Amino acid sequence: SNTITFDKTAPSLTTFSYSSNNSNLANRAKVGDVVTVSIESNELLQTPDLTIAGNTVANEAAGGTNAIWTGSYAMQNTDSDGLISLSMTYADYAGNTGATAVATTDGSAVTFDRTLPTLTTVTLTSNNSNNTLAAVGDIVTLSIIADESLISTPAVTIKAVSYTHLRAHETE
C-alpha cells in the first residue's frame, strides 16, 4: 500500500551558527581562515543555498541526516573587512520554504580582518643617563605601539638574539 503525506508546514532552523578555524579566536578570521556554518532543522532539508561573506557556498554537506548540514568558505583577500554576513534559503522535501536565515540562532558572529597591523611607533631606550646609549648592566627597553590590538606577542630579535620575556601594555 502506498501512503502519501501532505506536508504544508515550512521547516525551521534549530541551529544556524558559524565559527572560524582561526588559531587564536573562533570569532575572528583572516585571509585563508575557513568559516564553517552549522545548520540543523526540525525536519529533513533539500540542499540549502548558503552564502558566507556574500560568496555562494558549493560544498554543503549533510551530516548524518539531511536535517543537519554544514557549509564552509575560505576567506579571501577580496572579501570585505568586518562582520561576516550569512544568508541561507532552504526548503523541505515537500518544497515548503523556510524563512531566509540571516541571523544566527546562538548569537555567534565572526569578524574578518584582512589588514595586517602596523607598528606606528617603535622606540629603543636604555636607563643610561644618555638613554640612546647602553653599557653592560643597563636595561634596554623596546616600546612598540600598533594601530590595533595585538592578540599575540610580537617576535623580537636584536643582533640575532631572540627575546621572549615581553610584556604587553595596553594604552587607549
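Residues numbered from 1 in each chain as written. Predicted model: local features only at pLDDT ≥ 70, side-chain atom pairs only at ≥ 80, totals over all residues. Heavy atoms only, no water.

Visitor: Any chance you could explain the side chain of asparagine 96 here in plain terms?
Guide: Counting through the fold element by element, asparagine 96 comes out in the loop between strand E9 (86–89) and strand E10 (111–112). The class for asparagine 96 is buried, based on a relative accessible area of 16%. Reaching out from asparagine 96, the side chain makes a polar contact with the backbone oxygen of threonine 9 at a distance of 3.3 Å. Other than its neighbours up to four places away in sequence, asparagine 96 contacts Asp7, Lys8, Thr9, Ala10, Pro11, Tyr90 and Ala91. (Helix = DSSP H or I, 4+ residues; strand = E, 2+ residues; numbered from the N terminus. Buried < 20%, exposed > 50% of the residue type's maximum accessible area, 1.4 Å probe, protein only. Polar contact = N/O pair within 3.5 Å; in protein donor to acceptor, adjacent residues only side chain to side chain. Contact = heavy atoms within 4.5 Å.)

Visitor: Please explain the sheet that holds strand E6 (residues 61–63) as it appears in this structure.
Guide: What links the strands of a sheet is backbone hydrogen bonding, and the strands pair in either a parallel or an antiparallel sense. With antiparallel pairing, the four strands of this open sheet are ordered in space as E1-E3-E7-E6. Only two strands of the sheet have a single partner each, and these edge strands are strand E1 (13–20) and E6. Strand-to-strand, the axes of this sheet are offset by a mean angle of 25 degrees, without reference to chain direction. Across seven bridges, the pairing between E1 and strand E3 (residues 34–41) is antiparallel. Pairing of serine 17 across the sheet is with serine 38, part of E3. (Pairing = 2+ DSSP bridges. Axes fitted to C-alpha atoms, helices over the stretch in contact; angles between N-to-C directions.)

Visitor: Would you take a moment to explain the sheet that holds E10 for this structure?
Guide: The three strands are arranged E2-E10-E8 in an open sheet whose pairing can be described as mixed. Because the sheet does not close on itself, it has two edges, and the strands there are strand E2 (28–29) and strand E8 (82–83). Pairing between E8 and E10: two bridges, direction antiparallel. The residue bridging leucine 83 from the neighbouring strand is threonine 111, located in E10.

Visitor: What is the right way to look at the pairing of E3 in this model?
Guide: Two faces belong to every sheet, and in a regular strand the side chains alternate between them. Only one face of E3 is buried, namely the one carrying Val35, Val37, Ile39 and Ser41, since none of Val34, Thr36, Ser38 and Glu40 on the opposite face is buried. Note that E3 and strand E7 (residues 65–74) share seven bridges and pair antiparallel. Paired with isoleucine 39 across the bridge in E7 is tryptophan 69.

Visitor: I tried to follow a nonpolar patch on the surface on my own but got confused; where do I start?
Guide: There is a patch of nonpolar side chains on the surface, built from Leu119, Val122, Leu124, Val140, Leu142, Ile144, Leu150, Ile158, Val161, Tyr163 and Leu166 and spanning about 870 Å² of accessible area. Sorting the residues of the nonpolar patch by element identifies strand E11 (119–126), strand E12 (140–146) and strand E14 (161–163) as the ones contributing at least two each. Within the secondary structure, tyrosine 163 is located in strand E14. (Patch = residues over 30% accessible without salt bridge, like charges linked within 9 Å, V, L, I, M, F, W, Y side chains within 5 Å. Areas by Shrake-Rupley, 256 points an atom, 1.4 Å probe, with all protein chains shown as cover. Salt bridge = Lys/Arg side-chain N within 4 Å of Asp/Glu carboxyl O.)

Visitor: Quick question: what am I supposed to make of the side chain of aspartate 92 here?
Guide: Within the element layout of this structure, aspartate 92 appears in the loop between E9 and E10. Put simply, aspartate 92 is tucked away with no salt bridge, and the nearest opposite charge, on lysine 8, sits 13 Å away. With sequence-adjacent residues up to four places away left out, aspartate 92 is seen in contact with Asp7, Thr9, Pro11, Glu43, Leu44, Leu45 and Gln46. (Lys, Arg positive; Asp, Glu negative; His and termini not counted.)

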